[in-house]
Amino acid sequence: MAILVNAASNVLIQGITGKQGSFHFKQMRAFGTNVVAGVAPGKGGNLFEGVPLYETVQEACEHHRIDATVLFIPAAFCKDAALEAIEAGIKVIVIITEHIPVQDELIIVNRAKLKEAVIIGPNTFGMASWKCKLGILPNVAFSPGPVGVVARSGTLTYEIVGSLTNVGIGQTSVVGLGGDRVPGSSFVDMLKRFEVDPDTKCVVLVGEIGGNAEEEAAEFIKTMSKPVVAYLAGKSAPPGKRMGHAGAIIERGKGTYEGKVKALTAAGAQVATFPYEVVEKVQTLLGRP
Amino acid sequence: MKCFEFMGKEIFARFGIPVPRGRMVLTPEDAAQAAAEIGKPVVIKSQVLSGKRGKAGGIKFADTPEEAAQAAAEVLSMTVQGLPVRRVLVEEKLKIDAELYVAITIDGAAKAPVVIASAKGGMDIEEQDEADIVKTHLDVFLGLPAFLARDVARKIGLRGNLAKEFSDILSKMYCILNHKDAELVEINPLVVSGDHLIAADAKLTIDDSALYRQKDIPFVDEDMTEVEKMAKAAGVGSFVELGGDIAIMANGAGITMGTLDMIQLFGGRPANFMDAGGGTGVEGTAKAISILLAQNPKVIFINIFGGITRCDDVANALAQVKRDMGIPVPVVVRMVGTNEEAGVRILKEVGIDAYRDMKTAAQMAVALAKRGEGA
């Protein structure tokens, strides 16, 4: 099992014929994702690598049951493409694109909330469950197993999930919330899903400085029955400096590393000092050598 | 992108927010002329992208054009929080009866803009008592309706014409947030002068991701260091200078932060944050390495988890820079993932050892920096 999507999910790709879209479409299909349709304005009615193309998301939805969509769309056009997917009634929308203006993100995530759609991203690697990858996580990193992973950062996830996979510990689902200031989903949203997913035995949370998503997560972790291992990046970051991600900044004394570690530790999560310690802690929790 | 105060005030004026009479000048002579035009006592304000200008002596008063020239000359020769003053704003001196605080910014956690207001302005908002601060979250689909603006005015205790002017200013601030893609619109202090309000300061931060559609706002990078400007010009994704002696490159914001943390935990001092991005290729990576060298580090530490980024591209870039420019300091590379074997082989040919293990590599980088060895 997994959260949000599984091997039976039908997936749409918006921007499937673009450079990024076409490359990652092939990677997603190689992973086992059931890509049933693509949207490429001006190319509707054609096939792309055997996948039918449509002019609009609405048109694709008239021909297929669509469970999730992945956007490979330039930042300037993402608001429209995301709203298109929301209005068409798609419930899981993954936005890979970075540098989307904050004003656009506010419109996207608030409209999604009204229509009860889950936004993963923006500025994320997406997510993966067994045989269903939505986004750009390297295929080799993932393996099926009992650990749920939710993260704000991509490469750090590859690092940690890769090391879990290397020692034979697989994942139920791996979810990237994205590094932006206004992410569509929060740690809490995903922890809730992992908590009720019968196959998830333990959750790894990969956070970073800035915002208060980790503090909110800590509040929820207090109520969880499953153990949580956390790693947080940005201990050495000076205040007021944006560390790559738009959301990774200590502003007005808020969003510090120390504050987050304190909140998570108090909530009963195990906080790893180094990324490689995450694996050791998960091994111990699962009773593996 | 942070805007200078004078830029913020120009935008305020365009949207109908009252600001003091004045203009930005570059020389003491022009300051005198501006003061003469205003014809009243003036204030000379250093234009730098930093707060606490008053405490640093970057704000002075003058009663005559001659005094204005003198004050401007002094301010133009100083640095505020390490930033040299290149411009001053000459403005009419206001009669101040009280100072308010008002700002609109984006609350990422609430996924909403938030209005922050206080009847006690003039000082940093974080130094204020929570009880004195009014926070109102906005619905992006409603924006800031007039009734909400009036309610904020009421909550900070304003009545009569001041309440009317306050809600009008607040509505206009929201228009700026919305139309100019601002992340922060702040007035501190918003001055009560008789029965009127006037924005004595303007802090405006424009969303970097939206600059492409705000072309009428001039680009400002004076809060960046020289190396940061070089990095930006070279198209290096994301770069922050930190002042240590171990220059660092990694791919991805999270792993870059994690790398800096590890270096620091092992007792080293990171020179910079550099997220070289994904799939940058040989040429982009070579440019990034030259930026690392520009900091004159004792050691270069490269941490690559190859996904979209190919290890052989990074190795080729390093080999190229080493051949063309020479690398006068030790290079420690940790490299795993896509095309790892090829990358390791290429590095070996130019005498650079690559590690698979992040911990060993980071410890090695710190040890080399402490020894200060040359290559």
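Since this is a predicted model, take the numbers as computed values, not measurements. (Residues numbered from 1 in each chain as written. Chains lettered and ligands numbered in written order. Predicted model: local features only at pLDDT ≥ 70, side-chain atom pairs only at ≥ 80, totals over all residues. Heavy atoms only, no water.)

S.K.: Help me understand the interface of chain A and chain B in this model?
M.R.: For interface size, the figure often reported is the accessible area lost on association. Listed by partner, the interface residues are 47 residues for chain A and 49 residues for chain B. Carbon and sulfur atoms supply 61% of the area that chain A and chain B bury against each other, a total of about 3,900 Å² over both sides. The interface formed by chain A and chain B holds three salt bridges in total. At the junction of chain A and chain B, the tally comes to ten residue pairs in polar contact (both at pLDDT 80 or more). Counting only elements with at least two residues in the side of chain A that touches chain B, the list comes to helix H4 (102-114), helix H5 (154-166), strand S13 (228-233) and helix H9 (275-286) of chain A. Sorting elements by how many residues they give to the side of chain A that touches chain B places H4 of chain A first, with nine residues. Residue classes in the side of chain A that touches chain B are distributed as 24 nonpolar, 13 polar and ten charged. (Contact = heavy atoms within 4.5 Å. Buried area = accessible area lost by both parts, 1.4 Å probe. Salt bridge = Lys/Arg side-chain N within 4 Å of Asp/Glu carboxyl O. Polar contact = N/O pair within 3.5 Å; in protein donor to acceptor, adjacent residues only side chain to side chain. Helix = DSSP H or I, 4+ residues; strand = E, 2+ residues; numbered from the N terminus. Nonpolar A, V, L, I, M, F, W, Y, C, P; charged D, E, K, R; others polar.)

S.K.: In this structure, what is going on with the layout of surface pockets? I would like to understand it.
M.R.: The space that makes up the second largest pocket amounts to roughly 730 Å³. Lining the second largest pocket are 32 residues, and of these Gly162 of chain A together with Phe305, Gly306, Val336 and Gly337 of chain B sit closest to its centre. Every element with two or more residues in the lining of the second largest pocket is listed here: helix H1 (19-31), H5 and H9 of chain A together with strand S16 (299-306) and strand S17 (331-337) of chain B. Broken down by element, the lining of the second largest pocket gets its largest block of residues, six residues, from H5 of chain A. For the lining of the second largest pocket, the per-class residue count stands at 14 nonpolar, eleven polar and seven charged. (1 Å grid on protein atoms, 1.4 Å probe; cavity = no way out; pocket = protein on both sides within 12 Å on 5 of 7 lines; lining within 4 Å. Points joined across faces, edges and corners; volume = space filled by probe spheres on them.)

S.K.: Just to check I follow, could you spell out the UniProt feature "binding site: Mg(2+)" (unreviewed entry) in chain B for this structure?
M.R.: Residues and elements named next belong to chain B. Taking the numbering used here, the UniProt-annotated feature "binding site: Mg(2+)" (unreviewed entry) corresponds to Asn188 and Asp201. Locating Asn188 in the fold gives a position in strand S10 (residues 182-193). What makes Asn188 buried here is its relative accessible area of 14%. Beyond its immediate chain neighbours, meaning those up to four positions away, Asn188 contacts Leu100, Tyr101, Gly121, Gly122, Met123 and Asp201. Here Gly122 takes part through its backbone nitrogen, which lies 2.7 Å from a polar atom of the side chain of Asn188. Here Asp201 lies in the loop between strand S11 (196-199) and strand S12 (203-206). In this structure Asp201 touches Glu5, Lys9, Phe12, Lys45, Arg53, Glu186, Ile187, Asn188 and Pro189, once residues within four positions along its chain are discounted. A distance of 3.4 Å separates the side chain of Asp201 from the side chain of Arg53, its partner in a polar contact. (UniProt positions renumbered as here; feature names shortened; annotations may be inferred. Buried < 20%, exposed > 50% of the residue type's maximum accessible area, 1.4 Å probe, protein only.)

S.K.: In this structure, what is going on with the environment of Glu116 of chain A? I would like to understand it.
M.R.: Residue and element names in this part refer to chain A. Mapped onto the elements, Glu116 comes out in the loop between H4 and strand S7 (118-120). Judged by relative accessible area, Glu116 falls into the exposed class, the value being 65%. Separated by 62 residues in the primary sequence, Glu116 and Tyr54 have C-alpha atoms spaced 24 Å apart.

S.K.: In this structure, what is going on with the pairing of S16 of chain B? I would like to understand it.
M.R.: All names here are of chain B. Of all eight residues making up S16, eight are buried, and the element is well covered by its neighbours. Residues Val299, Phe301, Asn303 and Phe305 line one face of S16 and the alternating positions Ile300, Ile302, Ile304 and Gly306 line the opposite face, and both faces are buried. When strand S14 (residues 246-250) meets S16, the two strands line up parallel, connected through five bridges. Bridge pairing in S16 places Ile248 opposite Phe301. Bridge count between S16 and S17: seven bridges; the pairing is parallel. (Pairing = 2+ DSSP bridges.)

S.K.: Even after reading the chapter, I still don't get the UniProt feature "domain: CoA-binding" (unreviewed entry) in chain A, so can you show me in this structure?
M.R.: Per the UniProt annotation, the sites labelled "domain: CoA-binding" (unreviewed entry) are residues 4-100 of chain A. What you have in residues 4-100 of chain A is 34% helix and 24% strand, and the ends, taken at the C-alpha atoms, are 24 Å apart.

S.K.: Would you take a moment to explain the packing of aromatic side chains for this structure?
M.R.: Centre distance and the angle of the planes are the two values used to describe a pair of aromatic rings. Residue and element names in this part refer to chain A. On inspection of all chains with the given rule, the structure shows seven aromatic pairs over all chains. Measuring from ring centre to ring centre gives 5.5 Å for Phe31 and Phe142, while their planes differ by 65°; the resulting arrangement is edge-to-face. One end of the pair, Phe31, is in helix H1; the other, Phe142, is in the loop between strand S9 (132-135) and strand S10 (144-151), with 111 residues separating them in the sequence. Summarising the burial analysis for this pair, Phe31 and Phe142 share the class buried. Between the aromatic rings of Phe274 and Tyr276, the centroid separation amounts to 5.2 Å while the plane-to-plane angle is 5°, which identifies the pairing as stacked. (Phe/Tyr/Trp six-rings, centres within 6.5 Å; stacked < 30°, edge-to-face > 60°.)

S.K.: What exactly am I supposed to notice about H9 of chain A here?
M.R.: Residues lying three or four places apart along an α-helix face the same way, a consequence of the helix completing one turn every 3.6 residues. Residue and element names in this part refer to chain A. Between its first and last C-alpha, H9 extends 18 Å over twelve residues, near the 16 Å set by a 1.5 Å rise per residue. All of the buried residues along H9 are Pro275, Tyr276, Glu277, Val278, Val279, Val282 and Gln283. Looking at the residues trailing H9, positive phi occurs at Gly287, about 70°. (Expected span 1.5 Å × (residues − 1).)

S.K.: In this structure, what is going on with the sheet that holds strand S2 (residues 35-39) of chain A? I would like to understand it.
M.R.: The strands making up a sheet are joined through hydrogen bonds of the backbone, oriented either antiparallel or parallel. Residues and elements named next belong to chain A. With respect to topology, seven strands assemble into an open sheet ordered S3-S4-S2-S1-S5-S6-S7, the strand pairing being mixed. Every interior strand has two partners, whereas the edge strands, strand S3 (47-48) and S7, have only one. As paired strands, strand S6 (residues 92-95) and S7 are joined by three bridges and run parallel to one another. Note that in S7 the partner of Ile93 across the bridge is Ile119. The strands touched by H1 within the sheet are strand S1 (11-14), S2, S3, strand S4 (51-54) and strand S5 (68-71), with S1 carrying the most contacts at an inclination of about 165°. Against the sheet, helix H3 (residues 75-87) makes contact with S1, S5, S6 and S7, and its axis sits at roughly 165° relative to S6, the strand it touches most. (Axes fitted to C-alpha atoms, helices over the stretch in contact; angles between N-to-C directions.)

S.K.: Got a minute to help me understand the domain arrangement of chain B in this structure?
M.R.: Residue and element names in this part refer to chain B. For chain B, the assigned domains read domain 1 (21-92), domain 2 (98-213) and domain 3 (226-372). Centre-to-centre, using C-alpha coordinates, domain 1 lies 26 Å away from domain 2. Taken together, the contacts link four residues of domain 1 with four residues of domain 2. When domain 1 packs against domain 2, close to 280 Å² is buried across both sides, 14% of that on carbon and sulfur atoms. When residues of domain 1 are sorted by the area they lose upon contact with domain 2, Lys45, Lys52 and Arg53 head the list and together hold 65% of the total. At the boundary of domain 1 and domain 2, one finds one salt bridge. Viewed at the interface, domain 2 and domain 1 are joined by two residue pairs in polar contact (both at pLDDT 80 or more). Of the residues in the side of domain 1 that touches domain 2, the class split is no nonpolar, no polar and four charged. (Domains from an automatic or database assignment.)

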